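# Coordinate inspection notes
One letter stands for each residue in the lines below.
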Amino acid sequence: MAKEKKKKIAVGTEGIYDARKLGAPRMIILGFQHMFAMFGATVLVPLLTGLSISTTLLFAGLGTLLFHCLTKFKVPAFLGSSFAFLGGYAAVTTLSDGTTDLERLPYACLGVACAGLVYLVLAAVIKIVGINKVMKLFPPIVTGPIIMAIGLGLAPSAISNCQSNWTLAIIALALVIIFNIFGKGMAKIVPILLGLLGAVAVAVILALTLGQNVTVDGAEYIAVNGSSSMLLFSTDKLQALKDAAWIGFPIDWGSTVFGGVKDSSLAISAIIAIIPISLATMMEHIGDISAISATCNKNYIEDPGLHRTLLGDGLATTLASLFGAPANTTYGENTGVLVLSKVYDPRVIRIAAYFAIFFSLSPKFAAAINLMPTAVIGGISFVLYGMISAIGVRNVVEAKVDFSKSRNTIIAAVILVLALGSNGISFSLGGTAISISALATASVVGILLNVIFPGKDYVFKISGDNADDNSAEVSEQS
């Protein structure tokens, strides 16, 4: 009897849906593991955009807790920073001369907050008319190329960051690839975090042994032998780390939508530019919930329902964005931890959320992360942006989109060329100057072309009519 009981509660042997039987210490360790899994990718978004790291961690935790409340505490999902909106932040903050104006970040956040509200609209429509009718408007032939364009549009930013120290960037890139392909267990689940830590460790060694001060564009850095092409750490950020307090409030009012948005024209342009990105992220959400359902052998699309998970994700994104944090999204990294541990209790995910909130209260912790060399960020984003595009490719491949059909080829071609080759559309409405980003223009045109062109063959199906069938399937029928 004792052996049988031990077998039932051993982590990693069979699925555990109530982690309380493991005891509080093991639940805490499992929760920290989930926080560890999401950490590298979640803090990378503010590093890439200029948003606050502390605010990001705070609303990753709060957003996760809100999601759990709205999904009846049933879905073991963690909400971290979304990479899909990086193109939106770049579109709003990049000036005509190619420079970045971080004072425009609150406007980008306003656009993302409105994009989060689109989730609520889709959730309501799904509740009223059913998911099958709604999903006909967003087939893979539209969402796939949009996702590809998001990643490819960010590629120049990755190259620019790498140029500050190609050696360090290549080390970061190589470590991510090695851990992702050859890693085992937890190492395979958190390759981004391990790549960051490994490359930073190399940078510290180089700084201590070969580091010399150098001035580049009026800013001081520690560089390898004082070379301007081998930058390591910013001396200003080193000083900021020394000056940072150990405990502080994670929200800066001036960086929020409420304190930073003052130009109505720019606000309208930002909203129009970013909202269409939600079309792709909502499809990503459906895929993530399907993956979690398959992992846990429970159909969360039916119970608590896709409308509830969309509501939770959308409201968490809106709340985070209003206060200056990145958009939230359900994290595949944490789904990987579910696979590894076989502990499917949402309570463990909520412990990870509490850890994220705890770390958000330390400006010293945020300053330490912000010290990360630009080249390391470039090396990580080098592969990350490519992977975003690859997800778009996978989207159309798994759906078996038939590119021998002219309609599909034309739709994909128009989306990609508009998103990557145009500057969007600018016009005046009622005396207000409005700019629609290239990605937004491509998204709207792609949806319209799909509706207009004959030969639509996309069918969205959710199977799971019995307890043994808990999958969600997206298919194209010839």
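Just above sits the structure.
This text gives an overview of the structure that appears in the document. (Residues numbered from 1 in each chain as written. Predicted model: local features only at pLDDT ≥ 70, side-chain atom pairs only at ≥ 80, totals over all residues. Heavy atoms only, no water.)

### Focus on the overall build of the protein chain
When its secondary structure is counted, the protein chain shows 21 helices and nine strands. In terms of overall dimensions, the protein chain is globule-like: its C-alpha atoms have a radius of gyration of 23 Å, near the 23 Å expected for 478 residues. Projecting the C-alpha coordinates of the protein chain onto the three principal axes gives extents of approximately 75 × 65 × 40 Å. For the protein chain, long-range pairs separated by at least 24 residues make up 76% of all intrachain contacts whose partners lie at least 6 apart in sequence. Summing over all exposed atoms, the protein chain offers an accessible surface of approximately 20,800 Å²; the carbon and sulfur share of this is 64%. (Helix = DSSP H or I, 4+ residues; strand = E, 2+ residues; numbered from the N terminus. Rg over C-alpha atoms; globule rule 2.2 N^0.38 Å. Contact = heavy atoms within 4.5 Å. Areas by Shrake-Rupley, 256 points an atom, 1.4 Å probe, with all protein chains shown as cover.)

### With respect to the side chain of Ser 321
Tracing the chain through its elements places Ser 321 in helix α15 (residues 301-322). By relative accessible area, Ser 321 is classed as buried at 0%. (Buried < 20%, exposed > 50% of the residue type's maximum accessible area, 1.4 Å probe, protein only.)

### Things to note about the sheet that holds strand β2 (residues 211-216)
Strand pairing in a sheet relies on backbone hydrogen bonds. The paired strands run either parallel or antiparallel. Read across the sheet, three strands follow the order β2-β3-β4 without closing on themselves; strand pairing throughout is antiparallel. With partners counted over all chains shown, the strands left at the sheet margins are β2 and β4 (231-234), one partner each. Within this sheet the neighbouring strands show an average axis-to-axis angle of 40 degrees, counted without direction. Packed onto the sheet, helix α10 (residues 191-210) meets β2, β3 (219-224) and β4 and runs at close to 90 degrees relative to β4. (Pairing = 2+ DSSP bridges. Axes fitted to C-alpha atoms, helices over the stretch in contact; angles between N-to-C directions.)

### Side note on the environment of Cys 114
Within the element layout of this structure, Cys 114 appears in helix α5 (residues 105-129). Given a relative accessible area of 19%, Cys 114 falls into the buried group. With near-sequence residues (within four places) excluded, Cys 114 lies in contact with Ile 271 and Ile 275.

### Examining the packing of α5 against α15
When two helices pack together, their arrangement is captured by the angle between the axes and the distance separating the axes. At a minimum axis separation of 8 Å, α5 and α15 run at an interaxial angle of 165 degrees. In terms of their interaxial angle, α5 and α15 are classed as roughly antiparallel. In this structure, α5 crosses over α15, and the sense of that crossing is left-handed. For the pair formed by α5 and α15, the contact residues are Cys 109, Val 112, Ala 113, Gly 116, Leu 117, Tyr 119, Leu 120, Leu 122, Ala 123, Ile 126 and Lys 127 on the first element and Leu 306, His 307, Leu 310, Leu 311, Asp 313, Gly 314, Leu 315, Thr 317, Thr 318, Ser 321 and Leu 322 on the second. Among the residues making up the contact of α5 with α15, the classes are represented as 14 nonpolar, six polar and two charged. (Parallel < 35°, antiparallel > 145°, perpendicular 65-115°, else oblique. Left-handed = near helix turned anticlockwise from the far one by under 90°. Nonpolar A, V, L, I, M, F, W, Y, C, P; charged D, E, K, R; others polar.)

### Notes on the nonpolar core
Counting 126 residues, the largest nonpolar core has Phe 78, Phe 83, Phe 85, Tyr 89, Ile 274, Ile 292 and Leu 310 as its most contacted members. Setting aside anything within four residues of it in sequence, one finds Leu 310 in contact with Tyr 119, Leu 122, Ala 123, Ile 126, Met 282 and His 285. By size, the runner-up hydrophobic cluster in this structure holds eight residues, among which are Leu 22, Met 27, Leu 30 and Val 343. (Core = buried A, V, L, I, M, F, W, Y, C linked by side-chain atoms within 4.5 Å.)

### As for the packing of helix α8 (residues 166-182) against α10
The N-to-C vectors of α8 and α10 enclose an angle of 145 degrees; their axes lie 8 Å apart at closest approach. As α8 packs across α10, the resulting crossing turns out to be right-handed. Residues Leu 168, Ile 171, Ala 172, Leu 175, Val 176, Phe 179 and Asn 180 of α8 touch α10, and the partners they reach there are Pro 191, Ile 192, Leu 194, Gly 195, Gly 198, Ala 199, Val 202 and Ala 203. Looking at the contact of α8 with α10 residue by residue, the class counts come to 12 nonpolar, three polar and no charged.

### So, the pairing of β3
The pairing of β2 with β3 spans six bridges and is classified as antiparallel. Each residue of the ladder has a partner; that of Gln 212, found in β3, is Ala 223. Hairpin connection of β2 to β3: two residues between the antiparallel strands, including Asp 217 at a positive phi of 55 degrees. Summarising the sheet, β3 and β4 pair through three bridges and their orientation is antiparallel. Within β4, the residue paired with Ile 222 across the bridge is Phe 233.

### What to know about unusual backbone geometry
In this chain, Asp 303 is followed by Pro 304 through a cis amide linkage whose omega measures 20 degrees. Relative to the helices and strands, Pro 304 resides in helix α15. Residue Lys 72 is not a glycine yet carries a positive backbone phi of 60 degrees. Relative to the helices and strands, Lys 72 is located in the loop between α3 (53-70) and β1 (79-81). The partly exposed category is assigned to Lys 72, whose relative accessible area is 43%. Despite not being glycine, Asp 217 shows a phi value in the positive range, around 55 degrees. Here Asp 217 shows up in the loop between β2 and β3. The exposure class of Asp 217 is exposed, given its relative accessible area of 82%.

### As for α3
Taking 1.5 Å as the rise per residue, α3 with 18 residues should run 26 Å; its terminal C-alpha atoms sit 26 Å apart, in good agreement. Counting buried positions along α3 gives 15 out of 18 residues, so the element sits mostly inside the fold. For α3, the N-terminal capping position is held by Ser 52, with its side-chain oxygen 3.4 Å away from the main-chain nitrogen of Ser 54. At the C-terminal side of α3, Lys 72 shows a positive phi close to 60 degrees. (Expected span 1.5 Å × (residues − 1). Polar contact = N/O pair within 3.5 Å; in protein donor to acceptor, adjacent residues only side chain to side chain.)

### Things to note about the packing of aromatic side chains
In this description, an aromatic ring pair is defined by two values, namely the gap between the centres and the angle between the planes. If you walk through the whole model with that rule in mind, you get eight aromatic pairs. A connected cluster of aromatic rings, assembled from ring pairs, spans Phe 39, Phe 358, Phe 359 and Phe 365. The ring of Tyr 17 is capped by Lys 298, whose NZ or CZ atom sits 4.9 Å from the centre of that ring. (Phe/Tyr/Trp six-rings, centres within 6.5 Å; stacked < 30°, edge-to-face > 60°. Lys NZ or Arg CZ within 6 Å of the ring centre and 35° of its normal.)

### Thoughts on a nonpolar patch on the surface
Together, Leu 137, Val 444, Leu 448, Val 451 and Ile 452 make up a nonpolar patch on the protein surface, roughly 450 Å² of accessible area in all. Within the element layout of this structure, Val 444 appears in helix α21 (residues 438-452). (Patch = residues over 30% accessible without salt bridge, like charges linked within 9 Å, V, L, I, M, F, W, Y side chains within 5 Å. Salt bridge = Lys/Arg side-chain N within 4 Å of Asp/Glu carboxyl O.)

### Focus on α5
For α5, spanning 25 residues, the distance from its first C-alpha to its last is 36 Å, which sits close to the expected 36 Å at 1.5 Å a residue. Once α5 ends, the next one or two residues include Gly 130, with phi positive near 100 degrees.

### Structural notes on the state of the cysteines
Overall, the coordinates contain zero disulfides when judged by the stated rule. The structure places no disulfide on Cys 69, whose sulfur is separated from the nearest cysteine sulfur, that of Cys 296, by 19 Å. Using a relative accessible area of 45% as the deciding quantity, one classes Cys 69 as partly exposed. (Disulfide = S-S within 2.5 Å.)

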